[in-house]
Amino acid sequence: MTKQQANWSPYDNNGGSCVAIAGADYCVIAADTRMSTGYNILTRDYSKICKLADKCVMASSGFQADVRALQKQLAARHLIYQHQHNKQMSCPAMAQLLSNTLYYKRFFPYYSFNVLGGLDNEGKGCVFTYDAVGSYEKVGYSSQGSGSTLIMPFLDNQLKSPSPLLLPAQDAVTPLVEAEAIDLVKTVFASASERDIYTVRRQTRTCYHKCSWYPPGIHGT
Amino acid sequence: MFRNQYDTDVTTWSPAGRLFQVEYAMEAVKQGSAAIGLRSKTHVVLGCVNKANSELSSHQKKIFKVDDHIGVAIAGLTADGRVLSRYMRNECINYNFTYESPLPVGRLVVQLADRAQVCTQRSWKRPYGVGLLVAGLDESGAHLYYNCPSGNYFEYQAFAIGSRSQAAKTYLERRFENLADSSRDDLVKDALMAIRETLQGETLKSSICTVAVVGVGEPFHILDQETVQQMINAFEIVGEQEGPAAEPDDASGQEAAAEQGGSTDEGVAPMDI
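On a predicted model such as this, the values are computed, not experimentally measured, just so you know. (Residues numbered from 1 in each chain as written. Chains lettered and ligands numbered in written order. Predicted model: local features only at pLDDT ≥ 70, side-chain atom pairs only at ≥ 80, totals over all residues. Heavy atoms only, no water.)

Residue and element names in this part refer to chain B. Mapped onto the secondary structure, Pro-104 falls in the loop between helix H2 (78-99) and helix H3 (105-118). For Pro-104, a relative accessible area of 23% puts it in the partly exposed group. The spatial distance from the C-alpha of Pro-104 to the C-alpha of Val-29 is 26 Å, given a sequence separation of 75 residues. The residues contacting Pro-104, other than those within four sequence positions of it, are Tyr-95 and Asp-138. (Helix = DSSP H or I, 4+ residues; strand = E, 2+ residues; numbered from the N terminus. Buried < 20%, exposed > 50% of the residue type's maximum accessible area, 1.4 Å probe, protein only. Contact = heavy atoms within 4.5 Å.)

Glancing now at the sheet that holds strand S8 (residues 125-130) of chain A. To summarise the sheet geometry, strands pair through backbone hydrogen bonds and adopt either a parallel or an antiparallel arrangement. Residues and elements named next belong to chain A. Ordered in space as S5-S6-S7-S8-S9, the 5 strands form an open sheet in which the pairing is antiparallel. The outermost strands of the open sheet, each flanked by one partner alone, are strand S5 (49-53) and strand S9 (136-139). Along the sheet, successive strands turn relative to each other by an average axial angle of 25°, direction set aside. Pairing of S8 with S9 involves 4 bridges; the strand directions are antiparallel. Across the sheet, residue Val-127 finds its bridge partner in S9, namely Val-139. With respect to the sheet, helix H1 (residues 64-85) is in contact with S5, strand S6 (56-62) and strand S7 (112-119), its orientation differing from that of S6 by roughly 160°. (Pairing = 2+ DSSP bridges. Axes fitted to C-alpha atoms, helices over the stretch in contact; angles between N-to-C directions.)

Let's shift gears to H2(B). Its 22 residues give H2(B) an end-to-end C-alpha distance of 31 Å, which sits within 8% of 32 Å, the value for a rise of 1.5 Å per residue. All of the buried residues along H2(B) are Thr78(B), Asp80(B), Gly81(B), Leu84(B), Ser85(B), Tyr87(B), Met88(B), Arg89(B), Cys92(B), Ile93(B) and Tyr95(B). In this structure, the buried residues of H2(B) make contact with H1 of chain A together with strand S3 (63-67), strand S4 (70-76), H3 and strand S5 (130-138) of chain B. (Expected span 1.5 Å × (residues − 1).)

Residue and element names in this part refer to chain B. In terms of nonpolar packing, the biggest core is built from 28 residues, with Ile-36, Leu-38, Val-188, Leu-192 and Val-211 touching the most fellow members. Among the elements of the structure, strand S1 (35-39), strand S2 (43-49), strand S8 (158-161), helix H4 (165-179), helix H5 (184-199), strand S9 (209-215) and helix H6 (225-234) are those that each provide at least two residues to this core. If one sorts the elements of this core by residue count, H5 sits on top with 8 residues. Contacts of Leu-38, omitting those with residues within four sequence positions, involve His-43, Val-44, Val-45, Leu-144, Gln-157, Ala-158, Leu-172, Leu-179, Leu-187, Asp-190 and Ala-191. Judged by nonpolar contacts, the second largest core, of 24 residues, contains Val-29, Ala-35, Leu-46 and Phe-159. (Core = buried A, V, L, I, M, F, W, Y, C linked by side-chain atoms within 4.5 Å.)

We now examine the packing of H1(A) against helix H2 (residues 91-104) of chain A. Residue and element names in this part refer to chain A. With their axes 11 Å apart at the nearest point, H1 and H2 run at an angle of 125° to one another. Judged on the interaxial angle alone, H2 and H1 are oblique. Crossing handedness for the pair H1 and H2: right-handed. Here Leu-70, Gln-73, Leu-74, Arg-77 and His-78 of H1 come into contact with H2, specifically with Met-94, Leu-97, Leu-98, Thr-101 and Leu-102. (Parallel < 35°, antiparallel > 145°, perpendicular 65-115°, else oblique. Left-handed = near helix turned anticlockwise from the far one by under 90°.)

Before going further, it helps to spend a moment on the side chain of Thr129(A). All names here are of chain A. Residue placement: Thr-129 occurs in strand S8. For Thr-129, a relative accessible area of 14% puts it in the buried group. Of note is the side chain of Thr-129, whose polar atom sits 2.7 Å from the side chain of Ser-142. If sequence neighbours within four positions are ignored, Thr-129 has contacts with Asn-114, Val-115, Ser-135, Tyr-136, Glu-137, Val-139, Ser-142 and Gln-144. (Polar contact = N/O pair within 3.5 Å; in protein donor to acceptor, adjacent residues only side chain to side chain.)

This brings us to the sheet that holds S5(B). All names here are of chain B. What the 5 strands build is an open sheet, ordered S3-S4-S5-S6-S7; its pairing is antiparallel. The two strands at the open ends of the sheet, each matched to only one other strand, are S3 and strand S7 (153-155). For this sheet, the mean angle separating the axes of adjacent strands, direction not counted, is 25°. Where H2 meets the sheet, its contacts fall on S3, S4 and S5, and the angle it forms with S3 comes to roughly 15°. Contacting S3, S4, S5, strand S6 (141-147) and S7, H3 crosses the sheet at an angle of about 160° to S5.

Counted under the stated rule, the structure contains 15 salt bridges over all chains. In this structure, Arg18(B) and Glu23(B) form a salt bridge, with 2.9 Å as the shortest nitrogen-oxygen distance. Considered together, Arg18(B) and Glu23(B) belong to a single accessibility category, that of buried residues. Within the structure, one salt-bridge network assembled from shared partners comprises Arg68(A), Lys72(A) and Glu100(B). (Salt bridge = Lys/Arg side-chain N within 4 Å of Asp/Glu carboxyl O.)

With that out of the way, let us pick up the environment of Ser40(B). Residue and element names in this part refer to chain B. You can see Ser-40 is positioned in the loop between S1 and S2. Judged by relative accessible area, Ser-40 falls into the buried class, the value being 1%. What Ser-40 contacts, discounting residues up to four positions off in sequence, is Ala-142, Leu-179, Ala-180, Ser-182 and Leu-187. Here Thr-42 takes part through its backbone nitrogen, which lies 3.2 Å from a polar atom of the side chain of Ser-40.

Attention shifts here to the confidence of the model for chain B. In the predicted model, chain B carries a mean pLDDT of 86, and the fraction of residues at 70 or more is 85%. The low-confidence segment residues 238-267 of chain B (pLDDT under 50) makes 46 contacts with residues lying over four places distant or belonging to another chain. (pLDDT = per-residue confidence, 0-100.)

Here you go:
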């Protein structure tokens, strides 16, 4: 008699792609709007972006139920932080919190592939990229999700930044201007949607700028 | 002041059916510096007097934001107040996490009261020495509650606690009938006037008082000093007389000295009022 295998999985993959690009004084975060299961579409109009703090936004692809639970956890923790410190969490602080929260469930992970983007305390753009259990790194740009295998090489080609392991430390942020970065993001989704069935051109995009910031909006093509 | 044999611990009744330790805890509230609260149909305002112990120190924080829709002003043992505020904040966060909606004020107040009651029925605990004015907004409108160390709570249109609060209460009793339809600014003005009453002659300045507002479309927040000073100037509130000698400062909560104050006599237990 062969061993019984589980035929029920607690996880599902709702697909989609997320991208973030950091500049000297801005940060662009975008995610497509399709939510799928298997070969079906659940909705064409879903935002995978969540504002965690004033200057910190998270885009997550993967299992959206876990993503939602993760977002709620972080929001509650952020409230506690605000009560204790009388201020909002900075993006690097939130980055560490996210990592710890993910690793907390190391043995029943959040099936959530995250990209955190925002401005650090000096107003410089920062992007953090994660795996499902909290391993993270500060980078100049990143993509996660079903289309990331198509998107990442293209971003590498356009934006390649020096390795964070180099000494002396070199700036990871891209020298591009914000408008160019936004254009790049639009192009990236246009390309990925050609070959990845789970990604569409339509995206929600948030741009953080040192001087002002735009609330997340649905932006078309 | 000593009610003697029956006041050693909170689990001992007196022959007259009173728990003296609980009454002593309520005495601690009366020793704290004043806090007032008043509400209209759409807004609730909290105010408190902030007396610093010395010129060198900062004043104690007596008004705490609990959530966007709830805030609390305390009088008495500030440390107890801080701990209870932390509990209230936690409860709001947890409720919001589970139900994705704000915790109704009435529920929070009951939970708080139940916690306070526990401390009146354990031999190894003591009652909380702090009175809380809980101001909040929920679906059923604007609310102001008073939670006392005994575990009782009451809803009020307007109330004042702490030292010299009777003066403020007298003022509020004259005004409370008009409060329900007051505008937000009038409500703040009334709060400042009530605070002024507790100062008894001292000039009302924004540096010695704190005011906080919560209302429809207005999350709970503490007004900054400049705004308060502007309001004081605008409403032309000046001290009635410039007292030449400094007011005897019995307003710091922790000095719960055995004051032969005219509080309770051996008659009605204060908790029953």
